[in-house]
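Overview (structure and organization)
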Amino acid sequence: MRDNLLIALYAFAGAAATGLAGAGVLRLIRRRSLTVSLAVVAAVGVVAMLAGTLAVAWAMFLSAHDLTVVTTVVAMAAVVSLATALLLGRWVVARSRELAVAARSFGDGGDFAAPGGPATAELAAVSRELAATSARLAESRERERALEASRRELVAWISHDLRTPLAGLRAMSEALEDGVAADPDRYLRQMRTEVERLNDMVGDLFELSRIHAGTLALTPTRISLYDLVGDALAGVDPLARAHGVRLVGGRVEPVPVEVDGKEMSRVLGNLLVNAIRRTPADGTVAIAAERSPEGVVLSVTDGCGGIPEEDLPRVFDTGWRGTHARTPPAGAGLGLAIVRGIVEAHQGRAGVRNIPGGCRFEVVLPAAAS
């Protein structure tokens, strides 16, 4: 028993000394290739066994012949171990280089294509993560391109919409200045109308900029949707009368919600104005509010004739103004973008779908706590 303990101690001492030396070497070459590190690890294992054997041989006074046999066996094991380590290291390095090349093309703006050859579990995991990141970046680039196109359209449309009333104001002011206006009072009323239109457009742009910048400050209070809808209907009633459109609000439940009353009134106003302007005379615009498993659903239904299916995903984009399927818009295409921004700021969502004869805009808001 005592001999076995001494053998174990001598073998451990020799192996431990080799292990410490190997750890120092690995620290020095930690920035070198993985092949070199694997070769060092294999060499440490073999040399540790040899060191332990030599320590035991010295302590036990083995014969020269026995020591030669043991050393030869260890040397052959060292050759095989080093060869295996080098082969493994070269294979791992080759797979790593293939992954690096694939990642480089992905970083240059292309899509990531994982190397086709077999790889270690760790390299395969890195490859999967790079593929997922590539997909997310592709989606982000696509959204960025869509937003950039939307911004360009918005600038073009806003420039046109600003130029029209400004040209009218200049013409009317010059007519008044030169004294050639046949009805000065009518000119003044028209100028006031154009100024209000410009003011509304600037207000929409300011609201949209706050939404995009994330600086829209909300002051939620507990309000009944019945009151909100009633106030919104009263506000758009003159416009509906002027367009010959009937307003229907009979399906409005007195559901309480926690919202910013001013901002939510703007949402309802934008939806109703949008529906009235796109509904033919003698048509109907209906508003409803009811509970649902998702929260509270507020809907506005119009008689616009429907929206082409390919345009439905763009309805709430900034600057979108529809196609020939809808009547020419009077605004700058900001109203629905503002609706979505305000609703999402309330942790809700806005959507639209076609129905027979028109479309239905829906706003889903979280229900107020009981």
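Residues numbered from 1 in each chain as written. Predicted model: local features only at pLDDT ≥ 70, side-chain atom pairs only at ≥ 80, totals over all residues. Heavy atoms only, no water.

The name given to the protein chain in an unreviewed UniProt entry is Sensor-like histidine kinase SenX3, with the source organism recorded as Streptomyces collinus. Entered under Catalytic activity (unreviewed entry) in the UniProt record, the comment concerning the protein chain runs "ATP + protein L-histidine = ADP + protein N-phospho-L-histidine." (UniProt positions renumbered as here; feature names shortened; annotations may be inferred.)

1. Examining helix 7 (residues 261-277)
Under the 1.5 Å per step criterion, the end-to-end length of helix 7 is 24 Å for 17 residues, consistent within 8% with the ideal 24 Å. Of all 17 residues in helix 7, 12 are buried, a share of seventy percent or more. Between the side-chain oxygen of the N-cap and the backbone nitrogen of Lys 262 there are 3.1 Å, and the N-cap of helix 7 in question is Asp 260. (Helix = DSSP H or I, 4+ residues; strand = E, 2+ residues; numbered from the N terminus. Expected span 1.5 Å × (residues − 1). Buried < 20%, exposed > 50% of the residue type's maximum accessible area, 1.4 Å probe, protein only. Polar contact = N/O pair within 3.5 Å; in protein donor to acceptor, adjacent residues only side chain to side chain.)

2. Concerning the state of the cysteines
Counted according to the given criterion, the structure contains zero disulfides. Free of any disulfide, Cys 304 has its nearest neighbouring cysteine sulfur in Cys 359, separated by 3.4 Å. Given a relative accessible area of 0%, Cys 359 falls into the buried group. (Disulfide = S-S within 2.5 Å.)

3. Regarding unusual backbone geometry
When glycine is set aside, most residues are seen to have a negative phi, and most peptide bonds are trans. Look at Asp 282: it is not a glycine, yet its phi comes out positive at around 70 degrees. With respect to the secondary-structure elements, Asp 282 resides in the loop between helix 7 and strand 4 (284-292). Phi at Gln 347 takes a positive value of approximately 65 degrees, unusual for a residue other than glycine.

4. Here we look at the sheet that holds strand 5 (residues 295-301)
Reading across the sheet, the five strands line up as 2-4-5-7-6 and stay open at both edges, with mixed pairing between neighbours. In this open sheet, the two strands that pair with only one neighbour each are strand 2 (246-252) and strand 6 (349-355). If you compare each strand with its neighbour and ignore which way they point, the axes differ by 15 degrees on average. Sheet topology note: the strand 4/strand 5 ladder contains seven bridges and is antiparallel. Each bridged residue has a counterpart across the sheet, and for Ser 292 the counterpart in strand 5 is Gly 295. (Pairing = 2+ DSSP bridges. Axes fitted to C-alpha atoms, helices over the stretch in contact; angles between N-to-C directions.)

5. Here's the deal with the confidence of the model for the protein chain
Model confidence for the protein chain is summarised by a mean pLDDT of 78, while 81% of its residues fall at 70 or above. Counting interchain partners and residues more than four positions distant, the pLDDT-below-50 stretch residues 324-330 has 17 contacts. (pLDDT = per-residue confidence, 0-100. Contact = heavy atoms within 4.5 Å.)

6. Looking at the pattern of salt bridges
For the coordinates displayed, the defined rule picks out 13 salt bridges. Between Arg 210 and Glu 207 there is a salt bridge, with the nearest N and O atoms lying 2.7 Å from each other. Residue Arg 210 and its partner Glu 207 are located together in helix 5 (residues 184-213), separated by three residues, close to a single helical turn. One salt-bridge network, held together by shared partners, links Asp 204, Glu 207, Arg 210, Glu 263 and Arg 266. (Salt bridge = Lys/Arg side-chain N within 4 Å of Asp/Glu carboxyl O.)

7. Some thoughts on the packing of aromatic side chains
Evaluated as defined, the whole model comprises one aromatic pair. Residues Phe 316 and Phe 361 carry aromatic rings whose centres are separated by 6.0 Å and whose planes lie at 85 degrees to one another, so their mutual orientation is edge-to-face. Of the two residues, Phe 316 sits in the loop between strand 5 and helix 8 (335-345) while Phe 361 sits in strand 7 (residues 358-365), which places them 45 residues apart along the sequence. Comparing Phe 316 with Phe 361 shows no difference in burial state: the two are buried. (Phe/Tyr/Trp six-rings, centres within 6.5 Å; stacked < 30°, edge-to-face > 60°.)

8. Quick look at the nonpolar core
One finds Val 267, Leu 271, Leu 272, Ile 287, Val 352 and Phe 361 to be the most contacted residues of the largest nonpolar core, which totals 49 residues. Among residues more than four places away in sequence, those in contact with Leu 272 are Ala 232, Leu 233, Val 236, Val 285, Ile 287 and Val 300. Counting seven residues, the second-largest nonpolar core is a separate cluster that includes Ala 175, Ala 181, Met 191 and Leu 198. (Core = buried A, V, L, I, M, F, W, Y, C linked by side-chain atoms within 4.5 Å.)

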